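Topology and contacts: notes
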Amino acid sequence: MKIDRRCFLSLVIGGAVGTTLTPVPWKLTDDIAIWSQNWPWTPVPEDGPSKFVKSVCTQCPGGCGITVRTIGDRAIKIEGQPDHPVNNGSLCPRAISATQHLYGPSRIQGPMKRAGERGQGKWEKISWDEAIKTVTEKLAELRTRGKPHTVACISDTDGNGSSYLMDRFLQAYGSPNFIRTPSSADAQELALYLSCGRQGTIGYDFRKADFILSFGCALMDGCDTAGQVMSAFGEQDKKTRLVQIEARLSDTAAKAAQWVPAKPGSETALALGLGHVIVRDGLYNKAFIDNHGFAFEDWQDDAGNTHPGYRSLVQDHSPDKVAKATGLSEKVIESLARSFARAHRPVAVSGLGSAAPDSLDQALAVFALNALAGNFQKPGGVFLIDEPDYLSWTEMKIDKTASAGNQHPRVDGAGSEKFAHTRYLPNRLPEAINSAKGDSPVQALLVAGGNPLYTLADPRAAQKAFEKIPFIVSFSTFIDETAEQADLLLPHPHFLESYQDVPTPRGMAHTVVSLARPVVKPQYDTRHMADVVIQIAKNLGGFIENAFPWKNYEDFLRKSLSDQWKTLEKKGFWSDSRSRDTSLDKIFRTSSQRFEFFPMSKFAAMNGNGNKKAGVEKIELPGNIDKLPLVLVPYTSMRISDGAVANTPFMTKTLDANVVLENDVFVEINPKTASEYGLSQGDKATVKTQAGRAEVRVNLFEGIMPGLVAMPAGLGRTGFSDYIAGKGANVYSLIAPAADPASGLNAAWGARAAIAKA
Ligand code: SF4
C-alpha cells in the first residue's frame, strides 16, 4: 500500500479553518439525516431566535473555548470560540458532537442505589436527601471507628475548584487518600518538579517555535492538547518544522515535515543520543549551562562522593549504540541532533496526549534537550507554568481525628520513602487492596471523576480490588464502567448544564483560566459533585462543616474568584501573561537554584530505594519473547474517545471500516509481519499478551514498523449506550502495568504479544 502524505493531511484539523479541513464534521453532517431517525432521543429544536453562549469544553484536560448555539432551552450546535487563547476556534469531534451525550441514553437520570448484585445493572431510585444521608452516615461511622484514612477519592483532576474542594473535604475529614487518575502528563510534571523545583506543567510556545521535536506526542491524534496544537498550526508560518518520532504513521506523523519511525520504548535512548551529538559537537547553549545548569558536568554530593553529570551520562549513548536501540541510522540521529541544536526556537516535547505513558527518565531526557538549547522562558520555547493559584481559600482547622487520619501513609504508596516525590500512584491502588491481609485498606471509595475501571492498566486487577471495597459512590454523569460497579450513583450534571472552572491546560505557554457554565437547564435530577460534598461536610458538622463556609459550589466560585468572576462570566476566560516572565534568575526552585540535569532529589530518592545506580532505567516489558514475539502498542485517535467518557454515536459512525467493522476492532500490522503469520487484510485473529487476549481483525498497514501490532485506545466499553458498548476490545486490558523504578508511575509503553489467525 502506498502511503500518500497528502491523504493524511486532510485528516488533520488546523487553526482557524481547522474544523472545515477535516472530513469529520462533513461526515457527521452527512450521517445526521439517516441516523437521527433511529435515535428517539435526538432533540428536535423548536423554531425561534438563536442565542450564543460562551463556555469551555471539559471533556478532556484540553480546555478549549466553545460557543454554544441555543434555541429556547435546547443546545443546538457547538462551535470553537474564535477568540479563546487555547484553541482560537478549533475543536475536536468530541466537542462538536457533545450534545449527543447531553441528550443521549447513557445519562444517569437521578440518584440511585444498587438493588441487585454489583454489576447486575439493577438500580432503585432514591431521593437526594436519602443519598446524601447514606454517604454521611457511612463516613461518620468510619470516623467514629477511628478509620477516616480508609476513605479514598479518585478524581480525574487535581487542578480545578471542585477537585480542590474534594481534597479539602478529605483533609478536614481525616484521609490523605485523594488520588488523581493516570495521565500522559504524570512523568512530565514529576520531571518538571525534579529538574526545576516547580509544581505545575511544562508549557510550549508552539505558535512561535520554529522546530518541534515530538517524542511520540499525539499532538493531532487525540484530545488533551488537540485544540491548542491545531490552533497553533493554523497560525504558524510555513517555516515551522514538526518532526514526529513514532513507530507508526499517526495523523501527527503524517502532518509532520519529517516522520522518524523509531522502535517504541527507545525514546529515552534517542533523546540521550541526540544529547550526545549536541554535547560532543559543542552545539549546546553554553551561557545557559554555565549560568543556570547544574550537574551538566560530574558533581559531588554533600558527603563528597562524585556522581556522573549529563556529559558523562550521554557519553554512553553514541550514535552507533543508539542506532541499534532505536532502529534508526546513525546519519538520521546525527542530522536530527544538529537540526534541533541549530534551530532558532526549538522545543522538544514528550508525553502530551500519548496513549502510552512515559517513564520518568524519558521525560527527564527529553526535557534536558530544552536545557541544552537554553530555550526557557523565551518566545518559541518552554515556559514553566505553576499549578493554579487563582482561587483564594479560607483558613481551615482540623480536629484530632482528622489529624491522626491524615498522618497515615497513603494507600497508593505515593509520597512514601520509596516514592518520595510522586504525588499519586493510581496504578498501585489495585495491588495495595488485592495484596492486603484482612479488610480492604479502602473501606469507602468516592469516584469523583475519571473512570478507573476502564482507564487503569490491567482493569481486571482493578475490578478485583473494587469488589473488596465495601462502599463505592460514583458521581459520574453516565453509566460508565466504574458506575456499573458502584453502590450509590449521585449523578453530576453534564458540562453544558453546570459551572466548572477550568485551569490552564497542559502544554499552554501561559496561564488561561476558563469557566464552563450552565448553557441549558439540567435535563435530569442531577447535582454538582461539589454541592454534594459541601452538603455532606455540613451534615458531618464540627470542624468539617466549618471548613466549608459556602452555600454551594457557585457561591464558592464567586467568592474565591472575587474580581476574576466578572471577567469569566463576560468573556468565558481570562489569561495571565505573568507566567511568561522572561527572567531566568528566579525560575528554578531546586536546591541548587538551577536547572538540574541530574536532579539531586531524584538521586536522593533512588538512594532511598537502595538503588544507587546513577544512570537511566530502561522499562523492559514483561513476558517470554519466544512465546510473545511481537509488541502490542496502543494509539489514540481523534475519532475515538479514549478517556473516561466513551464515544458519541456520531464519532463512532465516522470510523473507517478498517478501524471498526460492526463490533470488530482492527489491529494494524505491517504486511511483512502479517505474512510471517499467514495473515491477510480483514482476517479475524486473536491477540494474546500476558495480561489477556482479544479477538480482532487485521489491517495491513505499511505505516507501522515490522514486529508491532497497534490497537486503538477507547473501545471495548461495557458501559454507556448500545451505540458503543461491546465494540472492539479495551487495549489497556491487554497491557499490564510496569512500574517505573524511580517514581512508581506506570510506564508500560506496550506489551509483549502474539497474534494468530482465528
Ligand atoms: S481537545 Fe478536549 S477540550 Fe478541546 S474540544 Fe476536544 S475534548 Fe474538548
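Reading the values: rules and limits
Note on numbering: residues in each chain are counted from 1, in written sequence order. Only residues with pLDDT of at least 70 are given local features in this predicted model, and only at 80 or more are side-chain atom pairs given and counted; all residues enter the totals for whole chains, interfaces and linings. Water and hydrogen atoms were dropped before computing side-chain values, which therefore reflect all heavy atoms in the structure. UniProt positions are given in the numbering used here, feature names are shortened, and annotations may be inferred rather than shown by experiment. Here a cavity means grid points, on a 1 Å grid over the protein atoms only, where a 1.4 Å probe fits yet cannot get out; a pocket means an open set of points with protein on both sides within 12 Å along at least five of seven lines; lining residues are those with an atom within 4 Å of a point. Grid points are joined across faces, edges and corners, and a volume is the space filled by probe spheres set on the points. Secondary structure follows DSSP: runs of H or I at least 4 residues long count as helices, runs of E at least 2 residues long count as strands, and numbering of each begins at the N terminus. Note that Gly is not counted as nonpolar here; it falls among the polar residues with everything else outside the nonpolar set of Ala, Val, Leu, Ile, Met, Phe, Trp, Tyr, Cys and Pro and the charged set of Asp, Glu, Lys and Arg. One less than the number of residues in a helix, times 1.5 Å, gives the span that helix is expected to have. When accessible area is computed with a 1.4 Å probe and restricted to protein chains, residues below 20% of their type maximum are described as buried, those above 50% as exposed, and intermediate ones as partly exposed. Note on contacts: a residue pair is in contact if any heavy atoms of the two residues lie within 4.5 Å. Contacts described as polar in this section are N or O atom pairs within 3.5 Å, which, within protein, must combine one atom able to donate a hydrogen with one able to accept it, while residues neighboring in sequence count only if both atoms come from side chains. Boundary definitions for the domains trace back to an automatic or database domain assignment. Two parts lose some accessible area (1.4 Å probe) when they are put together, and adding that loss for both gives the buried area. Criterion for a salt bridge: a side-chain nitrogen of Lys or Arg within 4 Å of a carboxyl oxygen of Asp or Glu. Pairing between strands is defined by DSSP: at least two bridges between the two strands are required. The axes are straight lines fitted to the C-alpha atoms, using for helices just the contacting stretch, and the angles between their N-to-C directions are given from 0 to 180°. Any angle that is under 35 degrees is reported as roughly parallel, and any over 145 degrees as roughly antiparallel; angles of 65 to 115 degrees are reported as roughly perpendicular and all others as oblique. The crossing is said to be left-handed when, going from far helix to near helix, the turn is anticlockwise and less than a right angle, and right-handed when the turn is clockwise. When two rings of Phe, Tyr or Trp (its six-membered ring) have centres within 6.5 Å they constitute a pair, described as stacked for plane angles under 30 degrees, edge-to-face for angles over 60, and tilted for the intermediate range. In our convention, an over-ring charge means Lys NZ or Arg CZ found within 6 Å of a ring centre and within 35 degrees of that ring's normal.

The name that an unreviewed UniProt entry assigns to the chain is Anaerobic selenocysteine-containing dehydrogenase, with the source organism given as Desulfosalsimonas propionicica. According to its UniProt record, the chain has this under Sequence similarities (unreviewed entry): "Belongs to the prokaryotic molybdopterin-containing oxidoreductase family."

Focus: empty space enclosed by the protein
Inspection of the entire model under this criterion finds eight cavities of 30 Å³ or more. Taken as a whole, the largest cavity spans an internal volume of roughly 180 Å³. Together, 14 residues line the largest cavity, and R180, D186, E189, L190 and R423 are the ones closest to its centre. The element best represented in the lining of the largest cavity is helix α8 (residues 186–196), accounting for four residues. Class assignment for the residues of the lining of the largest cavity results in five nonpolar, four polar and five charged.

With respect to the UniProt feature "domain: 4Fe-4S Mo/W bis-MGD-type" (unreviewed entry) in the chain
In this structure's numbering, the residues bearing the UniProt feature "domain: 4Fe-4S Mo/W bis-MGD-type" (unreviewed entry) are residues 50–106. Counted over residues 50–106, helix gives 18% and strand 37%. Its end C-alpha atoms are 27 Å apart.

Section: helix α16 (residues 360–373)
With 14 residues, α16 should reach 20 Å at 1.5 Å per residue; the first-to-last C-alpha distance of 20 Å fits that figure. In terms of burial, α16 is a largely internal element, 13 of the 14 residues being buried. Following α16 by one or two positions, G374 has its phi on the positive side, about 60 degrees.

Description of the environment of G227
With respect to the secondary-structure elements, G227 resides in helix α9 (residues 226–235). Between the C-alpha atoms of G227 and L165, which are 62 residues apart in sequence, the distance is 28 Å. Residues within four places of G227 in sequence aside, it is in contact with C64, V86, N87 and S90.

Focus: the side chain of S350
Tracing the sequence through the fold places S350 in strand β15 (residues 346–350). Looking at S350, its side chain comes within polar contact range of the side chain of D358, at 2.4 Å. Polar contacts involving the side chain of S350 include one to the side chain of Q362, which spans 3.3 Å. Not counting the four nearest positions on each side in its chain, S350 is found in contact with Q188, Y204, F215, C217, D358, Q362 and V366.

What about the domain arrangement of the chain?
Examined at the domain level, the chain breaks down into domain 1 (5–36), domain 2 (112–184 + 389–577), domain 3 (206–380 + 583–608) and domain 4 (625–757). Computed over C-alpha atoms only, the centres of domain 2 and domain 3 are separated by 35 Å. Every contact between the two is made by six residues of domain 2 and, on the other side, 10 residues of domain 3. Summed over both sides, the interface between domain 2 and domain 3 buries roughly 750 Å², with carbon and sulfur atoms accounting for 48% of that surface. On the domain 2 side of the interface with domain 3, the three residues burying the most area are S184, H421 and R506, jointly 58% of the side's total. One can count zero salt bridges joining domain 2 with domain 3. Between the two partners, domain 2 and domain 3, sit four residue pairs in polar contact (both at pLDDT 80 or more). A breakdown of the residues in the side of domain 2 that touches domain 3 according to their chemical character gives two nonpolar, three polar and one charged.

Considering the sheet that holds strand β21 (residues 511–516)
Taken in spatial order, the three strands make up an open sheet running β20-β21-β22, and their pairing is antiparallel. Since the sheet does not close on itself, it has two edges, and those belong to β20 (500–502) and β22 (573–576), each with one partner. Averaged over all pairs of adjacent strands, the angle between their axes in this sheet comes to 15 degrees, without regard to strand direction.

Considering the pairing of strand β28 (residues 693–700)
Taken together, the four bridges between strand β26 (residues 664–669) and β28 define a ladder with parallel strand orientation. Note on β28: the bridge partner recorded for F666 is R697. Relative to β28, strand β27 (residues 684–689) is paired through five bridges, and the arrangement is antiparallel. Within β28, the position partnered with K688 by the bridge is R693. Here β27 folds back onto β28, and the loop between the two strands holds three residues.

Details of the packing of α8 against α16
Close contact between α8 and α16 brings their axes to 8 Å; oriented N to C, the two are set at 60 degrees. Accordingly, the angle class assigned to the pair α8 and α16 is oblique. As α8 runs across α16, the sense of the crossing is right-handed. Residues A187, Q188, L190, A191, L192, L194, S195 and C196 of α8 form the contact with α16, whose own contacting residues are L360, A363, L364 and F367.

Examining unusual backbone geometry
Its identity as a non-glycine residue notwithstanding, Q593 has a phi of 60 degrees, on the positive side. Phi angles above zero are rare outside glycine, and E662 is one such case at about 50 degrees. By secondary structure assignment, the location of E662 is in the loop between β25 (660–661) and β26.

Quick notes on the packing of aromatic side chains
Pairs of aromatic rings are described using the distance from one ring centre to the other and the angle between the two planes. If you walk through the whole model with that rule in mind, you get 26 aromatic pairs. Seen in terms of ring centroids, F367 and F376 are 5.6 Å apart; in terms of plane orientation they differ by 70 degrees. Their pairing is edge-to-face. F367 sits in the buried class, given a relative accessible area of 3%. With 6.2 Å between their ring centres and 85 degrees between their planes, F548 and W550 make a pair best called edge-to-face. Taken as a pair, F548 and W550 share a single burial class, namely buried. Joined through ring pairs, the aromatic side chains of Y284, F288, F296, Y310, F367, F376, F588, F595 and F597 make up one cluster. If you follow R168 out to its NZ or CZ, it ends over the ring of F548, 6.0 Å from the centre.

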